[in-house]
Amino acid sequence: MELSKNYIPNEVERSWYEHWLSKGYFSSKPDAREAYTVVIPPPNVTGVLHMGHCLNNTIQDILVRRARMHGKNACWVPGTDHASIATEAKVVGMLRERGITKSSLSRDEFLKYAWEWKDKYGGIILQQLKKLGCSLDWDRTSFTMDDDYYKAVIDIFIRLHKEGIIYRGLRMVNWDPVGKTALSDEEVIFKDIDSKLYYVSYPLTDGSGSITVATTRPETILGDVAICVNPTDQRYANLVGKEVMVPIINRKIPVIADEYVDAAFGTGALKITPAHDKNDNELGRKHNLKALNTLDAEGKFTAEELGDDHPSAQVLSYNGIDRFVLRKKIVEDISALNLVQKVEEYKGQVGTSERTGAVIESRLSLQWFMDMKKFIGQHPAIVESVATDKIKFHPAKLKNTYSYWMDNIKDWCISRQLWWGQQIPAWYDTEGNCVVAATKEEAFEKFKIQNATRKIEEIHQDEDCLDTWFSSWLWPMEVFKGISNPNNEEYNYYYPTTTLVTGQDIIFFWVARMIMAGYAFKDKQPFSDVYFTGMVRDKQGRKMSKQLGNSPDLLGLIDTYGADATRFGIMIASPAGNDILFDESALEQGRNFNNKLWNALKLIKMWEARQSSDLNPESENQTHHSPLTTHHSRLTTHDFAVNWFENRLNEAKTEVNGLMNQFRLSEALKTIYSLIWDDFCSWYLEWIKPGFEQPIDSSVYQKTLVYFEELMELLHPFMPFITEEIYHLLKDNSDDLCIKQAAAVGSFDRDVLNAGELLKQVISALRDARNKNQIKPKDPIRLAIQTGSVAAYKAIENILLKQVNAESIAYTDATIANSIVVAVEKDKFFIETEKQLDTTTLKAELLKDLEHQQKFLEAVTKKLSNERFVQNARPEVVDLEKKKQADAEARIKTIQESLHNLA
RNA sequence: GGGAGCAUAGCUCAGCUGGUUUAGAGCAUCUGCCUUACAAGCAGAGGGUCCGCGGUUCGAACCCGUGUGCUCCCACCA
C-alpha cells in the first residue's frame, strides 16, 4: 500500500471513531475488574465547545483511555446541565426574536418552548466532543432535568427541609435585575469600577443648618430612613436625635448614632437605606427603622412604598426610570436645590451577575436557604477528607482555598425566580401557609391536618425553581441513579467515582458541594482525586472573550490540524492548576509530530519486503563473543542499538508511569514526545537503518515493529487516532489499540543506557567538530580513536561510520598530527581530512575552552581543599567532586595536546 | 482589608530530599545541509545577574528574612 507523503487526519479520525463506537469499546458494564469512573463536568446545554472544554475533556480522555488500557473497567459518563439562568435567558431571547414575551406565556407554555429548544440544540456540544476523540460511554448520557434526576433533586430538597437544613426567610439577597432572580453569593462577581462620590446635604428640620453625607448611590436617596454618625464623632454629637429632611421628597428622618459608621470616610455621616444595602438593612433592623423599597424587580424606580409619605408629582415622575438613568436625574434635581456640595471621582466595586453581567442590587425578598453551618456540622468528613487527602486535590494548594471557604461558609440561597429548572416543592394555601411535599396531593393531605375544610384547588405550588447547582451537586451519584434508585448494582459498582477533572473556577459552586452531597447523602467521598485545570488564555495572557475575539474556533482548529494535533497542542503546555496560554504554534508542533510518526511508519514499511532471514542464525551466534570483522560487527551494531532502545523504552515507560500517577500529564507527554522523536527516530532508526536498498536483519525488523507498537500504545491516550491508524498499518493486527492491554514494564540496565548516551555524545561531538571546521556533510573523514576500550568501539563501528560520515575507523596509541582532536570523557578522536584546516580559528576555540576548564578546575580544587567540605559532605558527593577534578585535568591535558598538535 | 501563589534563556515552562547542575526542555533565533522516511525535515550552535538585598550552610535556583513586581482567591466602608 502506498502511504501518502504527509499524514492526513480528518478521514482517519472520523472512521476510527465510528469503528470504536461500533465495537462498543466505550460502553462499560459492571464486571470483576476495578472500575475507573469519571463523570464529565456537564457543560451547559446551551453551550458550544470552547478551549476550556477542549483542555478539560482531553485530560479526562487521557486518564480514561489510559485506565482502559491498564486493566480497569473505564466508564466516562457524558451529559449536560440544564443551567437555568443561562438557558432561560437564551430561550427568552429566542422568543423575543419571534415577537413573544415571556410574560405573555404561562409556565407550561414557556417550558414547552424551552424543551423544544433543548431538544434541538442541546446535543450539539456532545457531538463536538466526539470530534475531539472523547471515549465517553454515550449510552449513559444524562441530563440534570431527566425525570429521575428531577425527582432526586426534589427528594433531596424535601429531606433537607425535614431536617431543618432548608428554610424559607425574608433576607437581603443578591438580586439580578436582568435575570430578575435572586442569586447565591457565589454567583456574584465583584468588579472594580470608576464611580463618583456625591456629597449631598440634608437640611435640619429646625433650620439650624444641614448634614452632608457622601454616597455613591444618590438614586436611593428617596428610600433613606435615617442619617447615621459615629457616637464618638464630636462634629455631630449635638445633632444626634435631631431630624433632617430628605431632599426632593422632604421626608423627616432622624439622625442616629452607631459604631458601624467610620468617621474617617467621606463626611463621617452615612445615609441609611435599609431596602437597598445589606449593612443599612442590619442597621435599620437594629434601630427599628422601616425599609422603603424604591426599585422594582427590573431595577426601575417605583414610588409604591413611598405612598404614606404623599409623594409629590416630581417623585411620581421618576416611576419606571432605570436606576442608572435615575442616578443622573436625581443628582441634577438635587443640584437644582443647591444641596450637592461636591462630586469626587471614586474607585469602587460593584457586584455583577456571573451569568447576565448585570449590576447586582441588594434586595429584601422571601427566598429559600440552606443552613450551611448546620449541614456541614453534621458531616465533619466534608472538611476533613480534603485536609487529610482522602480526597486529593491537584494542585494541592487549593486545599487551603477549600478549607477557608468551608470555615467561613454562609447560607446558600437556593431559590431562583425562574421557570427552567426543578420547581420548588413547596405549596401555599390562600392564607399563605406553606408545606413542603413532592406532589399537590401530598401537600393537600398536609394542609387538611391544619384545616379540614381546605380544598385542593385552593393550594398552589411555589413559582420559583432551584439553583442549578442544587441539582449539579448530585451528578456523580445520580448519573448512576444513586438517589432515585438507591443501592442499585451500577451505583454500587461505579460510585464513588475515581477522578474529577474540572476548572478551579467552580471549586465552590460544584466541587465543594459534590463533596458535601457525597458525605451527606451517601456517607462516601464522591471521588478520590480532583484535577483542577486553570483557565485557557490567549498567548498574551488575556482571558478568552467574545469582545476581544481571541477565542479560537475549536472545530476549525480540529479541521486544520486534526484532533490529535489539537490535543497535543493543548496538553504540551498545561501543568495542573496553572492557566495555559494558548498558542496555535503548539498545534503546529502537534501536526508536525503526527507527520514524524507517519514518516517513521513509511520508513519501516519500506523494510518490510527487505528482510534477510539468512543472517539470523549467524546473528544469534554473534551475540556472546567479541566481534572481529566488519561483517560481524554490523550484526553486533544492531544488537547494540536494539538492546539500548529496549532499555531506554523501559526507562521512559517507568518515567511516564510515575508522572501519570502524579497527574503530571504535560510532562508525561513531553517524555513520550522526546522518546519517539529523539531516541526512536533520530537515534535508534538511524542506527539500524540499512544502506540504500540493502536488506535489514529480520530479527531487528521484528523488534522494531514491537517497539513502534509499544510507542503507539504509550502515546495512544494522548493522540488516539494516529496511534490506532499506525497500529493497524504497521502490522495486520486483528485487535485494536484502543482496548489493548499494556504490557508490564520491563527493567532497564543503567550501564546499557550509559553506553548509549556515550555513543550519542561521541557522535554529536564529532559532528560538531565537522561543522566548526566547515567540513561539508558529504565530505568523508578518516577517524582515529585513542581509547582504553577498543572492543567497545569495535562493537559500534558501523554506527559511528555512518553517523559521522567517516570512510574508515582506526585505533591509535598516539596523537595524530594535523588532525582535529575531539575529546569525549577519557577517549580522544582524531579527524583526518583532505580539507585545509583553519588553525587560527581552531586555536581560538581551544583556548576559550581551555580557559573555561581551568576556571572550573580551580573551583573544584578549592572545594576539595576545604576541609569542612571533605568532612561534612556525603562521601559520594566528595567522590563526585574528585571525579570532576580528574576529568577536568584530563580534559585540560587533551586541549593542551591539541594546541600543541596544531602548532 | 485578609489570604494564597508566582518571579529561571526572546517566549512557555521543568528543575521533586540543598551536592550527578559547569542550571535543562520545547518553541523562537543563527549556521550548514533538498543525505532515498520526513524542508511540517536533518545536523549543529548561540543564548541565563535563577527578580533585588541580607542571612543560614562546607555548599543555595532550592531553606529563612526582607524589598519589589505580577497573578489569583476571599471580604459589599458608604
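Provided above is the structure to which this section pertains.
Keep in mind it's a predicted model, so treat the numbers as computed, not measured. (Residues numbered from 1 in each chain as written. Chains lettered and ligands numbered in written order. Predicted model: local features only at pLDDT ≥ 70, side-chain atom pairs only at ≥ 80, totals over all residues. Heavy atoms only, no water.)

A.B. asks: Hey, could you run me through the overall build of chain A in this one?
C.D. replies: For chain A, the helix and strand inventory stands at 31 helices and 31 strands. Here chain A has a C-alpha radius of gyration of 38 Å; the compact-globule value for 903 residues is 29 Å, and the former is much larger. Per-residue burial for chain A yields a buried fraction of 53% across its 903 residues. In chain A, the share of contacts with a sequence separation of at least 24, taken over all contacts with a separation of at least 6, comes to 77%. When the accessible surface of chain A is split by element, carbon and sulfur atoms take 50% of a total near 41,100 Å². Here chain A holds 109 positive side-chain charges and 127 negative ones, and the gap between their average locations is 2 Å. (Helix = DSSP H or I, 4+ residues; strand = E, 2+ residues; numbered from the N terminus. Rg over C-alpha atoms; globule rule 2.2 N^0.38 Å. Buried < 20%, exposed > 50% of the residue type's maximum accessible area, 1.4 Å probe, protein only. Contact = heavy atoms within 4.5 Å. Areas by Shrake-Rupley, 256 points an atom, 1.4 Å probe, with all protein chains shown as cover. Lys, Arg positive; Asp, Glu negative; His and termini not counted. Charge placed at Lys NZ, Arg CZ, Asp CG, Glu CD.)

A.B. asks: What am I meant to see in a nonpolar patch on the surface here?
C.D. replies: A contiguous nonpolar patch, built from Val48, Tyr121 and Ile124 and spanning about 240 Å² of accessible area, is present on the exposed surface. Checked against the element boundaries, valine 48 lands in the loop between β1 (35–39) and α2 (51–69). (Patch = residues over 30% accessible without salt bridge, like charges linked within 9 Å, V, L, I, M, F, W, Y side chains within 5 Å. Salt bridge = Lys/Arg side-chain N within 4 Å of Asp/Glu carboxyl O.)

A.B. asks: Quick question: what am I supposed to make of the packing of helix α1 (residues 9–23) against helix α25 (residues 720–730) here?
C.D. replies: When two helices pack together, their arrangement is given by the angle between the helix axes and by the axis-to-axis distance. Direction vectors running N to C along α1 and α25 enclose 85°, while the axes themselves pass 9 Å from each other. Judged by the angle between their axes, α1 and α25 are roughly perpendicular. Across the interface between the two elements, Val12, Glu13, Trp16, Tyr17 and Trp20 from α1 touch Pro720, Phe721, Glu724, Glu725 and His728 from α25. When the residues that make up the contact of α1 with α25 are grouped by side-chain class, the tally is 6 nonpolar, 1 polar and 3 charged. (Axes fitted to C-alpha atoms, helices over the stretch in contact; angles between N-to-C directions. Parallel < 35°, antiparallel > 145°, perpendicular 65-115°, else oblique. Nonpolar A, V, L, I, M, F, W, Y, C, P; charged D, E, K, R; others polar.)

A.B. asks: Please clarify how the protein's contact with RNA strand B should be interpreted in this entry.
C.D. replies: In the vicinity of RNA strand B there are 60 residues, among which Asp262, Phe265, Ser362, His852 and Phe869 approach most closely. Among the atoms of RNA strand B close to the protein, meaning within 4 Å, 53% are from sugar or phosphate groups. One of the backbone N or O atoms of alanine 214 is found 3.1 Å from a sugar or linking oxygen in RNA strand B. Among the elements that make up the surface near RNA strand B, the one with the highest residue count is helix α20 (residues 584–607) (10 residues). For the surface near RNA strand B, the residue count by class is 21 nonpolar, 18 polar and 21 charged. (Near = heavy atom within 4 Å. Polar contact = N/O pair within 3.5 Å; in protein donor to acceptor, adjacent residues only side chain to side chain.)

A.B. asks: Which parts of the structure should I look at to understand the pairing of strand β11 (residues 252–257)?
C.D. replies: Both faces of the sheet carry side chains from a regular strand, because those side chains alternate between them. Both strand β9 (residues 226–229) and β11 contribute to a ladder of 3 bridges, which runs parallel. The residue bridging cysteine 228 from the neighbouring strand is isoleucine 256, located in β11. Bridge count between strand β10 (residues 243–245) and β11: 3 bridges; the pairing is antiparallel. Among the inter-strand pairings, glutamate 243 is bridged to a residue of β11, identified as proline 254. The antiparallel pairing of β10 with β11 creates a hairpin that spans 6 residues between the two strands, and isoleucine 248 there sits at a positive phi of about 70°. (Pairing = 2+ DSSP bridges.)

A.B. asks: Would you explain the nonpolar core in this entry?
C.D. replies: A general tendency of soluble globular proteins is for nonpolar side chains to be buried together. Phe393, Phe470, Trp473, Phe521 and Tyr684 are the most contacted members of the largest nonpolar core, which totals 198 residues. The greatest single-element share of this core, amounting to 14 residues, is contributed by helix α23 (residues 665–688). (Core = buried A, V, L, I, M, F, W, Y, C linked by side-chain atoms within 4.5 Å.)

A.B. asks: What should I look at first to understand the sheet that holds strand β14 (residues 361–370) in this one?
C.D. replies: In sheet architecture, strand pairing relies on hydrogen bonds along the backbone and comes in two forms, parallel and antiparallel. One open sheet holds the 4 strands; their spatial order is β6-β5-β14-β16, and the pairing between them is antiparallel. Looking at strand neighbours, the two that pair on one side only are β6 (181–183) and β16 (412–413), the edges of this open sheet. Across 2 bridges, the pairing between β14 and β16 is antiparallel. Its bridge partner lying in β16, phenylalanine 369 is registered against cysteine 413.

A.B. asks: Would you mind going over the packing of aromatic side chains with me for this structure?
C.D. replies: What characterises a pair of aromatic rings is the spacing of the ring centres plus the angle enclosed by the ring planes. Within the structure shown, the criterion is met by 46 aromatic pairs. Measuring from centroid to centroid gives 6.1 Å for tryptophan 20 and phenylalanine 26, while their planes differ by 55°, and the two rings are tilted. Assessed through its relative accessible area of 0%, tryptophan 20 is described here as buried. Residue classification places phenylalanine 26 among the buried positions, given a relative accessible area of 2%. Plain terms: the ring middles of tyrosine 684 and tyrosine 707 are 5.7 Å apart, the flat faces sit at 70° to each other, and that makes the pair edge-to-face. Of this pair, tyrosine 684 sits in helix α23 while tyrosine 707 is found in helix α24 (residues 698–715), placing the two residues 23 residues apart along the sequence. Each member of the pair, tyrosine 684 as well as tyrosine 707, carries the same accessibility label: buried. Site record: aromatic cluster; members linked through ring pairs are Phe640, Trp644, Phe645, Phe680, Trp683, Tyr684, Trp687, Tyr707 and Phe708. The ring of tyrosine 199 has lysine 342 lying over it, and the distance from NZ or CZ to the ring centre is 4.6 Å. (Phe/Tyr/Trp six-rings, centres within 6.5 Å; stacked < 30°, edge-to-face > 60°. Lys NZ or Arg CZ within 6 Å of the ring centre and 35° of its normal.)

A.B. asks: Mind showing me how you'd approach the side chain of aspartate 61 here?
C.D. replies: Within the secondary structure layout, aspartate 61 lies in helix α2. With near-sequence residues (within four places) excluded, aspartate 61 lies in contact with Trp76, Gly133, Cys134, Ser135 and Arg567.

A.B. asks: Whenever I open this one, the sheet that holds strand β13 (residues 340–353) confuses me. Can you help?
C.D. replies: Sheet architecture is open: 3 strands sit in the order β8-β7-β13, paired in antiparallel fashion. Looking at which strands have only one partner, the edges of the open sheet turn out to be β8 (210–215) and β13. Within the sheet, the average angular offset between the axes of one strand and its neighbour, ignoring direction, is 20°. Pairing of strand β7 (residues 188–203) with β8 involves 6 bridges; the strand directions are antiparallel. Paired with proline 203 across the strands is serine 210, a residue of β8.

A.B. asks: Where do I start with the pattern of salt bridges in this structure?
C.D. replies: A side chain with one charge can pair with a side chain of the opposite charge if their charged atoms come near. Counted according to the given criterion, the structure contains 62 salt bridges. Between arginine 416 and glutamate 187 there is a salt bridge, with its nearest N and O atoms 2.5 Å apart. Taken together, the positions of arginine 416 in strand β17 (residues 415–416) and glutamate 187 in the loop between β6 and β7 put the pair 229 residues apart, joining distant regions of the chain. Like arginine 416, the residue glutamate 187 is buried in the burial classification. A salt bridge links arginine 416 to aspartate 467; its shortest N-O distance comes to 3.1 Å. Taken together, the positions of arginine 416 in strand β17 and aspartate 467 in the loop between β21 (465–466) and α14 (469–472) put the pair 51 residues apart, joining distant regions of the chain. Both residues of the pair, arginine 416 and aspartate 467, count as buried. Look at the salt bridges and you will find they share partners, linking Arg648, Glu651, Glu655, Asp679, Arg750, Glu757 and Lys760 into a network.

A.B. asks: Any chance you could explain unusual backbone geometry here in plain terms?
C.D. replies: Leave glycine aside and you will find that most residues have negative phi; peptide bonds, for their part, are mostly trans. For the bond from histidine 394 to proline 395, the omega torsion is 0°, close enough to zero to count as cis. Its place among the elements puts proline 395 in the loop between β15 (392–394) and α12 (398–407). Here the bond from tyrosine 495 into proline 496 is cis, since omega is 0°, no more than 30 degrees from zero. Within the fold, proline 496 resides in the loop between α16 (489–494) and β22 (499–503). A positive phi is found at asparagine 338, a non-glycine position, where the angle reads about 60°. Locating asparagine 338 in the fold gives a position in the loop between α9 (323–336) and β13. Backbone geometry at lysine 481 places phi at a positive 60°, although glycine is not the residue there.

A.B. asks: Looking at this model, I keep getting lost on the layout of surface pockets. Mind explaining?
C.D. replies: A water-sized probe, rolled over the atoms, reveals where empty space remains. Computed from the structure, the second largest pocket encloses a volume of approximately 1,500 Å³. For the second largest pocket, the lining is made up of 43 residues, of which Thr216, Arg217, His276, Asp277 and Gln349 are closest to its centre. In terms of residue count, β7 provides more of the lining of the second largest pocket than any other element does, 8 residues in total. In the lining of the second largest pocket, the residues fall into 16 nonpolar, 13 polar and 14 charged. (1 Å grid on protein atoms, 1.4 Å probe; cavity = no way out; pocket = protein on both sides within 12 Å on 5 of 7 lines; lining within 4 Å. Points joined across faces, edges and corners; volume = space filled by probe spheres on them.)

A.B. asks: How do you make sense of the packing of helix α3 (residues 84–97) against helix α4 (residues 107–121) when you look at a structure like this?
C.D. replies: Look at α3 against α4: their axes get within 10 Å of each other, and the N-to-C directions meet at 100°. One element, α3, and the other, α4, form an angle in the roughly perpendicular class. Along the contact surface, α3 presents Glu88, Lys90, Val91, Val92, Met94 and Leu95, while α4 presents Phe110, Tyr113, Ala114 and Trp117. Considering only residue class, the contact of α3 with α4 consists of 8 nonpolar, no polar and 2 charged.

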